[in-house]
Amino acid sequence: MKLLNFKATSHRTTPASIGTPVRSAAMESLIEQPGPIEVKTVGADWRANLSGLLNLKDPKAVKAGLTDRKEPIQIYTHVVRHPEHGFFLVDTGVSRRLVEDPASVGVGLMLRKYGGISDMRPTQSTAEVIAAEPSPLKGVFMTHLHLDHVSGFPDIAKDVPIYTGADEAEAGLFLNIVAQGTNNHLLSGRPPLEELQFTGDPDGKFAGVNDVFGDGSFFAILTPGHTIGHVSYLARTATGTVLMTGDVSHTRWGWENDVEPGTFLAEREPSRQSLLALKALSRRHPDMTVKLGHQA
Ligand SMILES: [Zn+2]
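Residues numbered from 1 in each chain as written. Predicted model: local features only at pLDDT ≥ 70, side-chain atom pairs only at ≥ 80, totals over all residues. Heavy atoms only, no water.

Peer 1: How do you make sense of the pattern of salt bridges when you look at a structure like this?
Peer 2: Counting across every chain of the model gives 12 salt bridges. Salt-bridge contacts for Arg47 lead to Asp119; the nearest nitrogen and oxygen are separated by 3.4 Å. Taken together, the residues Arg47 in strand E3 (residues 38–49) and Asp119 in the loop between helix H5 (109–114) and strand E6 (121–122) connect sequence positions 72 residues apart. Arg47 sits in the partly exposed class, given a relative accessible area of 39%. Residues Lys279 and Asp258 are paired through a salt bridge, measuring 2.6 Å at the closest nitrogen-oxygen approach. (Salt bridge = Lys/Arg side-chain N within 4 Å of Asp/Glu carboxyl O. Helix = DSSP H or I, 4+ residues; strand = E, 2+ residues; numbered from the N terminus. Buried < 20%, exposed > 50% of the residue type's maximum accessible area, 1.4 Å probe, protein only.)

Peer 1: Help me out: how do you make sense of the sheet that holds strand E13 (residues 240–246) in this one?
Peer 2: What links the strands of a sheet is backbone hydrogen bonding, and the strands pair in either a parallel or an antiparallel sense. The six strands lie next to each other as E2-E10-E11-E12-E13-E14, forming an open sheet whose pairing is mixed. Edge positions in the open sheet fall to strand E2 (20–22) and strand E14 (289–292), since each of these has one partner strand only. Put simply, the sheet's adjacent strands are angled 25° from each other on average, direction ignored. Looking at chain direction, E2 and strand E10 (residues 209–211) are connected through three bridges and run antiparallel. The residue of E10 that forms the bridge with Val22 is Val209. (Pairing = 2+ DSSP bridges. Axes fitted to C-alpha atoms, helices over the stretch in contact; angles between N-to-C directions.)

Peer 1: Sorry if this is basic, but what is going on with the packing of aromatic side chains here?
Peer 2: One pair of aromatic rings is described through two measures. These are the centre distance and the angle between the planes. Taken as a whole, this structure holds eight aromatic pairs when the rule is applied. Their ring planes at 50° and their centres at 5.7 Å tell us that Phe141 and Tyr233 sit as a pair that is tilted. With Phe141 in strand E7 (residues 137–141) and Tyr233 in strand E12 (residues 231–237), this pair connects stretches of sequence that are 92 residues apart. Tyr233 shares its class with Phe141; the two are buried. Aromatic ring contacts, followed pair by pair, group Phe88, Phe141, Tyr163, Phe213, Phe218 and Tyr233 into a single cluster. Stacked on the ring of Trp255, the Lys or Arg Lys279 has its end atom at 5.5 Å from the ring centre. (Phe/Tyr/Trp six-rings, centres within 6.5 Å; stacked < 30°, edge-to-face > 60°. Lys NZ or Arg CZ within 6 Å of the ring centre and 35° of its normal.)

Peer 1: I tried to follow the coordination of the zinc ion on my own but got confused; where do I start?
Peer 2: Listed as protein donors to the zinc ion are Asp148 (OD), His149 (NE2), Asp247 (OD) and His294 (NE2); their distances from the metal cover 2.0 to 2.2 Å. Relative to the metal, the four donor atoms surrounding the zinc ion lie at angles of 83 to 168°, and the coordination shape comes out irregular. If you list the donors of the zinc ion from N- to C-terminus, the spacing comes out as D-H-x97-D-x46-H. Note that Asp148 is positioned in helix H7 (residues 147–150) and His294 in the segment after E14, a separation of 146 residues in sequence. Exposure class is identical for Asp148 and His294. Each is buried. (Donors = N, O, S within 2.8 Å, 3.2 Å for Na, K, Ca; no water. Tetrahedral: all angles 85-135°; square planar, octahedral: opposite > 155°, others 65-115°.)

Put into structure tokens, the structure is as follows:
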């Protein structure tokens with residue numbers, strides 16, 4: 001659906017000041033080795049239509065008898081700690097201020113009406129997640145710029161750097177008609193979005209891989225489809241490697257059955273290819289912990 005070319009946000013962007021494009025083989029050669037990152041995941045209960053989360057027209061979904069319903073899911077923020085670079089978030093979780101008074105933090109009328117905000121149940125507001133860390137928040141790595149991923153921004157200080165995939169802000173999508181005003185409000189007064197750089201993968205496994213801190217501990221993987229600039233992240237911890245897929249797969253059933261998201265996506269075929277690429281990665285490295293977009 002490309003009737004109109006609305007951007008996800010008209011907020012300014014700039015190439016990220018950190019991160020180096022690398023080939024996927026460089027990342028994969030390290031996956032079995034313990035690393036220095038710590039990851040802690042905080043979830044807020046939510047629910048959404050299964051037809052958005054999962055392609056119910058896929059033959060496997062039809063065969064399993066899946067039909068549309070309200071599916072219980074979670075909205076996550078992942079606390080990522082690096083011993084030298086400090087404390088970061090992957091996606092933003094949920095700010096209680098946004099749930100209690102969405103208009104006051106700039107959520108537009110359409111999203112207030114249809115965005116499911118009143119169903120968001122944060123046990124820990126993003127402000128509490130940040131306050132619980134002994135050091136200041138150094139940056140936020142976004143998988144993409146949908147409401148359920150930017151919903152913690154009201155609790156994040158205005159000077160904190162925000163990293164996205166290249167072209168995430170510019171990506172034209174009809175849905176952005178409702179999202180753009182809200183994203184602009186949530187991003188207003190903040191520095192330009194820092195776009196992580198990708199130059200393709202000489203090994204042909206992914207659309208691109210970026211070594212974010214330059215020490216092989218934390219990687220961004222370009223996984224387009226759900227949105228044009230969607231990014232997944234991979235962290236090497238002392239107890240093994242953790243893959244944060246973002247909305248390459250919202251649901252556990254979709255991940256286990258190779259079925260891509262439903263109506264909540266920009267382009268179906270790239271979305272499916274990104275899912276299959278991450279599934280193949282997890283098969284090559286079966287000990288890796290996989291954290292999905294919206295289910296455990
Ligand atoms: Zn999502």
